[in-house]
Each structure stands twice: as structure tokens, then as C-alpha cells.
Amino acid sequence: MKPLARVLPAAVLAVAVAVPAQAAAAVRAVPAADHEVTFSVDGTTTYGTLHIPAHRPGHRLPAALLLPGSGPTDRDGNQPPTFTPNTLAGLAAALGTDGVATLRFDKYGTGRTGLGAYTGHPEDLDHPAFVRQADAAYRLLGSRPQIDSHAVRLIGHSEGAMTALVVATTARPRPAGLAMLQPQAMRLLDVIARQLHDQLTQAAAAGQLTEEQKRAAILAVDRAVADFRAHRPVDTVSLLPPIAALFQALEGANRRFVDSDDSVDPARVARRLPAGMPVLLTCGTADPQVPCDTTDALTTALRRAHTAGPGRVVLPDVGHGLDTATEPGVIAPSALATLRALLRR
């Protein structure tokens, strides 16, 4: 009997081989899907979304853990019902098109997770609790059968960027990269003081305060920060009423969290990052919450720690939510491009 290749014409043989191969490829493709996942840490069940992009069975995917900003910000990057930019959901969708799996979750006080074990005593929540929650999520993501555990990145936005930075110093396996998007780059009370200084300066420029009133108000803010850190009573009488209300709120159920968050100096933490780790830090020229100059010390620390690039990337006209004034609620292409550059490293 003659071999098949000698019996069939070449063209017929090509069709005979190609058609089954295409059919097999179609069968092998696993479609993209979102999976509701849970994990337990400190007596609380945390709920999240694991997005697995389309892939071949058995193929292990690169992945990223997405961490949200401050306050009651949920897995999608929202504070419903009033603030719903979908920042993290948008990042997950964009990365999914690039074949990157993502995990995002409802941190304490948000979404399905709620306060969990802290119900009835939220004043016991501190920043290390959120770090432990993020670290547990990182380990869960790396353990999934579809994920390459040595190709998992940490991506945090705003306060979540600082949390990602802390996790990156101890996480095992070592993260394949770290992205800090519009990060909290200074101690918390320094961030608050800087924002208040800027608001007072703007009020004086608008004629709402005299220069003398502005200087007195700035000095009062600085005294309040010093007293708060030293656990001395804050003299709210010398503060303008809205600022006095802010410090009173910081003194309440939030005190433990504020103290623990303020104890973290991101620049000092960055010095503990492994040499050679790819790190991205973004800042937007239209971001009043994280002006680029507030990231100077952190940027220098990353360089001295001998982390790999791309380092700090300035995003023109991009605001704190990674969007622009012309397209609010849409992640700016420049932000996505810099993130994709990190993921390609």
C-alpha cells in the first residue's frame, strides 16, 4: 500500500490536514470568563472576581492583582452609589484583552466582604489588616491552576499602590513586577497637610482668605498634624471649621487606621524592594491629589534600590482616576500604554 502522501494530490492533502487542525484548535480554546472567588484571612471571608482571559487548556497565564484606593472602594474601584468610575473593572477588562488574568476583591468595609470579623468594632481596623488581606489574595491568585505563579504582578491605585508596595517587599514567590498608579507616595498625614495647604492657597488666590489668614491657617494645620502624631489633643479652635471637622473625624473610629497608615513611609519601604524588580510609578499632570512632585522621594528610593524600569512616568492631562477631562470615566490610553510596557518586561 502506497503512503497517503503519494496517493493524494498535494492540494487535497493540505485540506485534509488543515481542516482537522482548525477544528481541534476551536475545541481547545477556553473562552474568557469571570469567576467569583473567596478566601479567608483573619476570620473574614473576602469575596472577589477572578478574570481568566481566553486561553488554551493547560496554558498558564500571566496575572495581576489589582488593589483599590482609599476609603470604601470596592473590587471595581467604586464607592457606590455616588462614585462609580469603574477604575479597576476597566483595568481588568483592558488587561484581559492582552491575555493577562486579574484578581480584584472587595476589601474590608466594601461589597460582599463588608467588615467581616470587624463588624461591631471597625475602630480595630488598621492598615496591616489590609496588607494581610492583599497578601492572601496574591497567594490565592498564584495558586490557581491557570496562572503562572512566577508571572504575577501587583498593581495598586492610590492608597492601594502603597499597599501593593508593602506586599511586594515580602510576597512569595517574588512578584514579577509592581505598578503604582497615582500612588500615595508620602506618609498619610503629610498627604493631608499638602492637600490642605494647596486648598488654602487656592482660597487665598480666589479672594476667600487674606494672605495673613492663609499663613495662619497653614501654621494651624501643621500644628494639628504634629499634635495628632504625638497623640496630643488637637487644638481645633485655631483651625478653620471644615479643617477642624476633618481632624475630629480622624480622631474618631478612624484613629487606629490613620496612625498605622501614617507610620508607613513609602520611600523607606521602597528601599526594601528586591534589586532588579520591574517597577512602574505613574503620576498625572491633572491630578490634584497626587501632584508629581509628591512622588519625588519615592522615585529616588526606587532608583537607589536598583529596581528595574520603567520607573516614574508622567502622564500629561491625566487625573487621579487615570482618566482625562475630555474623556471622564475612561482610562487614558497613555496610562494603559505604560502599564502594558511593564507587563511586557
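This text follows the structure it describes.
Residues numbered from 1 in each chain as written. Predicted model: local features only at pLDDT ≥ 70, side-chain atom pairs only at ≥ 80, totals over all residues. Heavy atoms only, no water.

Caption draft 1: Up close: the overall build of the chain. When you go through the chain residue by residue, the secondary structure sums to twelve helices and eight strands. Expressed as a percentage of contacts within the chain between residues at least 6 apart in sequence, the contacts between residues at least 24 apart total 69%. Working note: accessible area of the chain is about 16,300 Å², and carbon and sulfur atoms make up 57% of it. In the chain, which carries 33 positive and 31 negative side-chain charges, the distance between the mean positions of the two groups comes to 13 Å. (Helix = DSSP H or I, 4+ residues; strand = E, 2+ residues; numbered from the N terminus. Contact = heavy atoms within 4.5 Å. Areas by Shrake-Rupley, 256 points an atom, 1.4 Å probe, with all protein chains shown as cover. Lys, Arg positive; Asp, Glu negative; His and termini not counted. Charge placed at Lys NZ, Arg CZ, Asp CG, Glu CD.)

Caption draft 2: View of the pairing of strand S6 (residues 177-181). For S6, the tally of buried residues reaches five of five residues, placing the bulk of the element in the interior. Pairing geometry for strand S5 (residues 147-157) and S6, over five bridges, is parallel. Pairing of Ile 155 across the sheet is with Ala 179, part of S6. Remark: the S5/helix H5 (residues 159-168)/S6 crossover connection has right-handed handedness. Of the strand pairs in this sheet, S6 and strand S7 (residues 278-284) are connected by four bridges, and their pairing is parallel. Note that in S7 the partner of Met 180 across the bridge is Leu 281. (Buried < 20%, exposed > 50% of the residue type's maximum accessible area, 1.4 Å probe, protein only. Pairing = 2+ DSSP bridges. Right-handed = clockwise from strand over helix to strand, strands pointing away.)

Caption draft 3: Expanded view of the pattern of salt bridges. In this structure the tally under the stated criterion is 19 salt bridges. The partner of Arg 340 in a salt bridge is Asp 98, with the nearest N and O atoms 2.5 Å apart. Here Arg 340 is found in helix H12 (residues 333-343), whereas its partner Asp 98 is found in the loop between helix H3 (87-97) and strand S4 (101-105), with 242 residues between them in sequence. Given the relative accessible area of 27%, Arg 340 is considered partly exposed. Residue Asp 98 is classed as partly exposed on the basis of its relative accessible area of 40%. (Salt bridge = Lys/Arg side-chain N within 4 Å of Asp/Glu carboxyl O.)

Caption draft 4: Local environment of the packing of aromatic side chains. Here the structure, examined in full by the defined rule, presents four aromatic pairs. Seen from their ring centres, Phe 39 and Phe 105 are 5.7 Å apart, and the 85 degrees between their planes marks the pair as edge-to-face. Of the two residues, Phe 39 is situated in strand S1 (residues 33-41) and Phe 105 in strand S4; the sequence distance between them amounts to 66 residues. We note that Phe 39, like Phe 105, is buried. The rings of Tyr 108, Tyr 118, Phe 130 and Phe 257 are connected pair by pair, giving a single aromatic cluster. When the ring centre of Phe 228 is taken as reference, the NZ or CZ atom of Arg 255 above it lies at 3.6 Å. (Phe/Tyr/Trp six-rings, centres within 6.5 Å; stacked < 30°, edge-to-face > 60°. Lys NZ or Arg CZ within 6 Å of the ring centre and 35° of its normal.)

Caption draft 5: Expanded view of the packing of helix H4 (residues 127-143) against helix H9 (residues 255-262). Contact pair H4 / H9: the axes reach a minimum separation of 7 Å and the direction vectors enclose 70 degrees. The angle between H4 and H9 falls in the class roughly perpendicular. Within the contact between the two elements, H4 uses His 127, Pro 128 and Phe 130 and H9 uses Phe 257, Ser 260 and Asp 261. Tallied by class, the residues present in the contact of H4 with H9 amount to three nonpolar, two polar and one charged. (Axes fitted to C-alpha atoms, helices over the stretch in contact; angles between N-to-C directions. Parallel < 35°, antiparallel > 145°, perpendicular 65-115°, else oblique. Nonpolar A, V, L, I, M, F, W, Y, C, P; charged D, E, K, R; others polar.)

Caption draft 6: Representation of the nonpolar core. Counting 50 residues, the largest nonpolar core has Leu 65, Leu 178, Met 180 and Leu 273 as the members making the most contacts within it. Top contributing element to this core by residue count: H4, with nine residues. Setting aside residues up to four positions removed in sequence, Met 180 forms contacts with Gly 156, Ala 161, Leu 165, Val 279, Leu 280, Leu 281, Thr 282, Leu 298 and Leu 302. If you look at the next biggest cluster of nonpolar residues, it comprises 23 residues, including Leu 200, Ala 204, Ala 224 and Phe 247. (Core = buried A, V, L, I, M, F, W, Y, C linked by side-chain atoms within 4.5 Å.)

Caption draft 7: Structural context of the side chain of Asp 74. Relative to the helices and strands, Asp 74 resides in the loop between strand S3 (61-67) and H3. Residues contacting Asp 74, with those up to four places away along its chain left out, are Pro 68, Pro 80, Leu 88, Phe 105, Asp 106 and Thr 110.

Caption draft 8: View of unusual backbone geometry. Residue Pro 80 is joined to Pro 81 through a cis peptide bond whose omega torsion reads 5 degrees. Along the polypeptide, Pro 81 turns up in the loop between S3 and H3. You will see that Asp 42, though not glycine, has its phi angle at about 50 degrees, which is positive. Considering the arrangement of structural elements, one finds Asp 42 in the loop between S1 and strand S2 (44-52).

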